[in-house]
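Close look at the chain arrangement
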Amino acid sequence: MSFVPDSGQLCGLSLQVAELYGKPHLHAHYAGKGVRTHRMDDGATCAVCRRMATNVHHVPPVSKGLFTLRTPQGEWELRPALFALCGSGTTGCHNLFHGGARYQPEWVWFLDYQEAWWSGDLLKTYEPHDPGLFAYGRWVIHDRNTGTTFEPWR
Ligand SMILES: [Zn+2]
Ligand SMILES: [Zn+2]
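Residues numbered from 1 in each chain as written. Chains lettered and ligands numbered in written order. Predicted model: local features only at pLDDT ≥ 70, side-chain atom pairs only at ≥ 80, totals over all residues. Heavy atoms only, no water.

**A closer look at the overall build of the chain**
Each helix and strand in the chain was counted, giving 5 helices and 9 strands. In the chain, the order of α-helices and β-strands from amino to carboxyl end is α-α-β-β-β-β-β-β-α-β-α-α-β-β. Relative to the compact-globule value of 15 Å for 154 residues, the chain shows a C-alpha radius of gyration of 15 Å, a close match. Along the longest, intermediate and shortest principal axes, the C-alpha atoms of the chain span 40 × 35 × 30 Å. The proportion of buried residues among the 154 residues of the chain is 44%. Considering only intrachain contacts with a sequence separation of at least 6, the fraction spanning at least 24 residues in the chain is 69%. Within the structure as shown, the chain displays about 7,900 Å² of accessible surface, and the carbon and sulfur contribution to it stands at 50%. (Helix = DSSP H or I, 4+ residues; strand = E, 2+ residues; numbered from the N terminus. Rg over C-alpha atoms; globule rule 2.2 N^0.38 Å. Buried < 20%, exposed > 50% of the residue type's maximum accessible area, 1.4 Å probe, protein only. Contact = heavy atoms within 4.5 Å. Areas by Shrake-Rupley, 256 points an atom, 1.4 Å probe, with all protein chains shown as cover.)

Rendered as structure tokens:
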């Protein structure tokens, strides 16, 4: 991994947070243009434990706002990815992404596709959140209590 986006592109975010925007959802989607139009897919199960999902988590949280990805090939206003989870902001798996922030999601690119994202190449072909992006990278969740990582269900 030699590629690093320049700091101007990151708009003050850490690379790890900036990489969360525009990535594929897990059992959820946006029904409209706003960041609050999130919906669970029909019959959605929790991306962590596979129980019935009850609500949706923004990755990163809504408080981080949107992220404008500026590239030589265009600009994309990116929204957080969405994970359907069980529980709520204070219970179940959803709570473990808040509160003590036990679970930290990360988007990990395969090979050198990170550069293809930051140059705008991938977004010329794929819409933000396109499931086709799973051909180029994957979600990983870090469990800060155990120091382990796991892949969420998709
Ligand atoms: Zn769960
Ligand atoms: Zn949440």
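**Some remarks on the coordination of the zinc ion (ligand 2)**
Protein coordination of the zinc ion (ligand 2) is provided by His57 (ND1), His94 (NE2) and His98 (NE2), with donor distances spanning 2.0 Å. What makes His94 buried here is its relative accessible area of 6%. According to the relative accessible area criterion, His98 is partly exposed, its value standing at 27%. (Donors = N, O, S within 2.8 Å, 3.2 Å for Na, K, Ca; no water.)

**Topic: the coordination of the zinc ion (ligand 1)**
The zinc ion (ligand 1) binds to the protein through Cys46 (SG), Cys49 (SG), Cys86 (SG) and Cys93 (SG); the donor distances cover 2.3 to 2.4 Å. Around the zinc ion (ligand 1), the 4 donor atoms are arranged such that angles at the metal cover 101 to 116 degrees; this shape is classified as tetrahedral. One chain supplies every donor to the zinc ion (ligand 1), and in sequence these donors are spaced C-x2-C-x36-C-x6-C. Note that Cys46 is positioned in the loop between β2 (38–40) and β3 (55–59) and Cys93 in helix α3 (residues 92–95), a separation of 47 residues in sequence. Like Cys46, the residue Cys93 is buried in the burial classification. (Tetrahedral: all angles 85-135°; square planar, octahedral: opposite > 155°, others 65-115°.)

**A short note on the side chain of Thr71**
Note that Thr71 resides in strand β4 (residues 67–71). There is a polar contact of 3.0 Å between the side chain of Thr71 and the backbone nitrogen of Gln73. Not counting the four nearest positions on each side in its chain, Thr71 is found in contact with Gln9, Trp76, Trp118, Ser119 and Gly120. (Polar contact = N/O pair within 3.5 Å; in protein donor to acceptor, adjacent residues only side chain to side chain.)

**Quick look at the sheet that holds strand β7 (residues 103–109)**
Taking strand neighbours across the sheet as the criterion, the 3 strands line up as β7-β8-β9 in an open arrangement whose pairing is antiparallel. Both edges of this open sheet fall to β7 and β9 (148–150), since each of them pairs with a single strand only. The average angle at which neighbouring strand axes cross in this sheet is 30 degrees, direction not considered. Relative to β9, strand β8 (residues 137–143) runs antiparallel, the two sharing 3 bridges. Residue pairing across strands places Asp143 opposite Thr148, the latter belonging to β9. (Pairing = 2+ DSSP bridges. Axes fitted to C-alpha atoms, helices over the stretch in contact; angles between N-to-C directions.)

**Considering the pairing of β7**
Side chains Tyr103, Pro105, Trp107 and Trp109 of β7 all project onto a buried face; the interleaved residues Gln104, Glu106 and Val108 project onto a face where none is buried. Bridge count between β7 and β8: 7 bridges; the pairing is antiparallel. What sits directly across from Trp109, in β8, is Gly137.

**Structural notes on the packing of aromatic side chains**
A complete count under the given rule lists 12 aromatic pairs for this structure. Consider the rings of Trp107 and Trp139, whose centres lie 5.2 Å apart with planes at 80 degrees: the pair is edge-to-face. Pair noted here: Trp107 is in strand β7 and Trp139 is in strand β8, with a separation of 32 residues, a long-range link. With respect to burial, Trp107 and Trp139 carry one shared label: buried. Counting every residue linked through ring pairs, the aromatic cluster contains Phe83, Phe97, Tyr103, Trp107, Trp109, Trp117, Phe134, Trp139 and Phe150. The ring of Tyr30 carries Arg79 above its face, with NZ or CZ at 3.9 Å from the centroid. (Phe/Tyr/Trp six-rings, centres within 6.5 Å; stacked < 30°, edge-to-face > 60°. Lys NZ or Arg CZ within 6 Å of the ring centre and 35° of its normal.)

By themselves, these figures tell us nothing about what the structure is for.
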